[in-house]
Amino acid sequence: MVKSINKGLKVEIFPDKSMEHVLNQNIGNARFIWNNILAQYNYLYKLFNFHGHPLNPNINNLNAILKMLKQEHPFLRQGESTSQQQVFRDLNKAFTRFFKGKSAYPKFKSKKNPKQSFRIQKNGNNIRITNRRIRLAKIGFVHYRTSKKYRKLLKTSKINNVTIKKENGKYYAVINIKTSVYELEHSGENIGIDLGLKNLATLSNGQEIINLDLKYEDRMISKYQKKLNRQKYMSKNYQKTLEKYHKWLNRKNNKIQNAYHQFSKYLVKNYDIIAMENLNIKGMFQNKKWSPKLQTIGLYKLLNMIKYKCEWYGKTFIQIDRFYPSSKKCNICGYQKNDLTLDIREWTCPICNTHHQRDINAAINILNEGIRIQKENTVTT
Ligand SMILES: [Zn+2]
């Protein structure tokens, strides 16, 4: 079956100096608008709360604040207008998520964040893509580089929007397109996955996916970071070091991204039901010895990747409640070993005598629970 999906294609772009200036200005504007609307809204929120009528943000009142801002700060009128509209739509979304209890209260955006962006909504002819260049309204033509496959996709697809990102000193355009994919054939096989810290993942068939070896990248990153700390801020040598530092950060990120893409693709190709545990992000953050922050964020990205690929390719993704005792339960007889601490990697069930590898046992339980949930879902619908 053919399915219509939205997909973001990330391509590197090469703005010249003057265009870099315009891009940075737009990034700055987007941040300025976000921060100012948020500040205004916080003020109103407190005021209304004081009077006992909580103010829910919506497109209308945020838009009113944007109009006010533009009157106060004429420089905003020179920027790309759809991207300004986009900022308050994003902010509105962030508030909606907050009020639904799905995410934290929207935060101010910092200039120091190494990742900065702004988005341009497709509106008539404001975005055009040729073989080598992207034309953006009020910004101009900018060269880009990508694979043959992406180039072909860009030519034949409808564009929704373009996000310009500045990440570790490089510029990218994430071009969001409407495209179609063929659902993958069913294999009749299902899989449970235990995401871990020791291994990247353990599968219910016993397969272990080991963590990437990033020692070299990490060593280079920390080497240049230390060098940056010693050098004079923004001096010539500092900038040279910064370039190297960014290079290694990007190498590390790309390596992780590629590995995640490969692994998630392998899963959706080979399995019909893919069951995973909800990540206990909060708990993982608290356990500092076990998980550096970034690794946890990485796992979250991986989980999302598997989830959307399942959607695209017609496979079933099932998330198991994180309170389900996947590690403690014997997958053969159901006995629950409540004194299983994190350091115990293997154990023997006192009831049925099965010897368990901790993570494989967990993955099998996750698979069984996933299949049970899937059956329940198919009965009720
Ligand atoms: Zn047992």
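Residues numbered from 1 in each chain as written. Predicted model: local features only at pLDDT ≥ 70, side-chain atom pairs only at ≥ 80, totals over all residues. Heavy atoms only, no water.

K.L.:
Just checking my understanding: could you explain a positive patch on the surface for this structure?
P.N.:
Positive charge collects at one region of the surface, where Lys223, Lys226, Lys227, Arg230, Lys236, Lys240, Lys244, Lys247 and Arg251 lie side by side. Within the residue set of the positive patch, elements represented by two or more residues are helix H5 (215-230) and helix H6 (236-270). With five residues, H6 is the single largest residue contributor to the positive patch. (Patch = residues over 30% accessible without salt bridge, like charges linked within 9 Å, V, L, I, M, F, W, Y side chains within 5 Å. Areas by Shrake-Rupley, 256 points an atom, 1.4 Å probe, with all protein chains shown as cover. Salt bridge = Lys/Arg side-chain N within 4 Å of Asp/Glu carboxyl O. Lys, Arg positive; Asp, Glu negative; His and termini not counted. Charge placed at Lys NZ, Arg CZ, Asp CG, Glu CD. Helix = DSSP H or I, 4+ residues; strand = E, 2+ residues; numbered from the N terminus.)

K.L.:
Help me understand the domain arrangement of the protein in this model?
P.N.:
Interface size, as often reported, equals the accessible area lost upon joining of the parts. According to the domain assignment, the protein contains domain 1 (2-182) and domain 2 (190-380). Facing 12 residues of domain 1, the contacting portion of domain 2 comprises nine residues. Buried area between domain 1 and domain 2, both sides added, is near 810 Å², and the carbon and sulfur share of it is 47%. Here domain 1 and domain 2 share three residue pairs in polar contact (both at pLDDT 80 or more) between them. Of all elements in the fold, only strand E1 (2-14) and strand E7 (170-182) reach the threshold of two or more residues within the side of domain 1 that touches domain 2. (Domains from an automatic or database assignment. Contact = heavy atoms within 4.5 Å. Buried area = accessible area lost by both parts, 1.4 Å probe. Polar contact = N/O pair within 3.5 Å; in protein donor to acceptor, adjacent residues only side chain to side chain.)

K.L.:
Just checking my understanding: could you explain helix H3 (residues 81-99) for this structure?
P.N.:
Think of an α-helix as 3.6 residues a turn; residues three or four steps apart then line up on the same face. With 19 residues, H3 extends 28 Å from end C-alpha to end C-alpha; this agrees with the ideal 27 Å at 1.5 Å per step. Where H3 is concerned, the buried positions are Thr82, Ser83, Gln84, Gln86, Val87, Phe88, Leu91, Asn92, Ala94 and Phe95. (Expected span 1.5 Å × (residues − 1). Buried < 20%, exposed > 50% of the residue type's maximum accessible area, 1.4 Å probe, protein only.)

K.L.:
I would appreciate a short explanation of the side chain of lysine 337 in the present structure.
P.N.:
Structurally, lysine 337 is set in the loop between strand E12 (316-320) and strand E13 (346-348). Taking the relative accessible area as the measure of exposure, lysine 337 reaches 17% and is therefore buried. Within the structure, lysine 337 has its side chain in polar contact with the side chain of aspartate 339 (distance 3.2 Å).

K.L.:
It is not clear to me how the packing of H5 against H6 should be interpreted in this structure. Could you clarify?
P.N.:
The relative placement of two packed helices comes down to the angle between their axes together with the axis-to-axis distance. Viewed as axis vectors pointing N to C, H5 and H6 meet at an angle of 155°, and their least axial separation amounts to 9 Å. With respect to H6, the element H5 is oriented roughly antiparallel. Our pair here, H5 against H6, has a crossing hand that is left-handed. Along its contact with H5, which presents Tyr216, Glu217, Asp218, Met220, Ile221, Tyr224, Gln225, Lys227 and Leu228, the element H6 presents Tyr238, Thr241, Leu242, Lys244, Tyr245, Trp248, Leu249, Lys252 and Lys255. In terms of residue class, the contact of H5 with H6 is built from 10 nonpolar, two polar and six charged. (Axes fitted to C-alpha atoms, helices over the stretch in contact; angles between N-to-C directions. Parallel < 35°, antiparallel > 145°, perpendicular 65-115°, else oblique. Left-handed = near helix turned anticlockwise from the far one by under 90°. Nonpolar A, V, L, I, M, F, W, Y, C, P; charged D, E, K, R; others polar.)

K.L.:
What am I meant to see in the coordination of the zinc ion here?
P.N.:
Six octahedral donors around a metal ideally subtend angles of 90 or 180 degrees, whereas four tetrahedral donors ideally subtend 109.5 degrees. The coordination sphere of the zinc ion, as far as protein atoms go, consists of Cys330 (SG), Cys333 (SG), Cys349 (SG) and Cys352 (SG), spread over 2.3 Å. Taken together, the four donor atoms coordinating the zinc ion and their angles of 104 to 116° define a geometry best described as tetrahedral. Donor residues for the zinc ion sit on one chain with the sequence pattern C-x2-C-x15-C-x2-C. Of the residues examined, cysteine 330 reaches a relative accessible area of 1% and is grouped as buried. A residue is classified by how much of its surface remains accessible, and cysteine 333, at 38% relative accessible area, is partly exposed. (Donors = N, O, S within 2.8 Å, 3.2 Å for Na, K, Ca; no water. Tetrahedral: all angles 85-135°; square planar, octahedral: opposite > 155°, others 65-115°.)

K.L.:
Any chance you could explain the pattern of salt bridges here in plain terms?
P.N.:
Once the charged atoms of two side chains with opposite charge are near each other, the side chains can pair. For the structure on display, the rule yields 14 salt bridges. When the shortest N-O distance is used, the salt bridge between lysine 10 and glutamate 167 registers 3.2 Å. One end of the pair, lysine 10, is in strand E1; the other, glutamate 167, is in strand E6 (residues 158-167), with 157 residues separating them in the sequence. Residue lysine 10 is classed as partly exposed on the basis of its relative accessible area of 41%. Measuring nitrogen to oxygen at the nearest pair gives 3.5 Å for the salt bridge that ties glutamate 12 to arginine 145. With a gap of 133 residues between them, glutamate 12 in strand E1 and arginine 145 in strand E5 (residues 140-145) connect regions that are remote in the sequence. Here glutamate 12 falls in the buried class, since its relative accessible area comes to 16%. Residue class for arginine 145 comes out exposed when judged on its relative accessible area of 52%.

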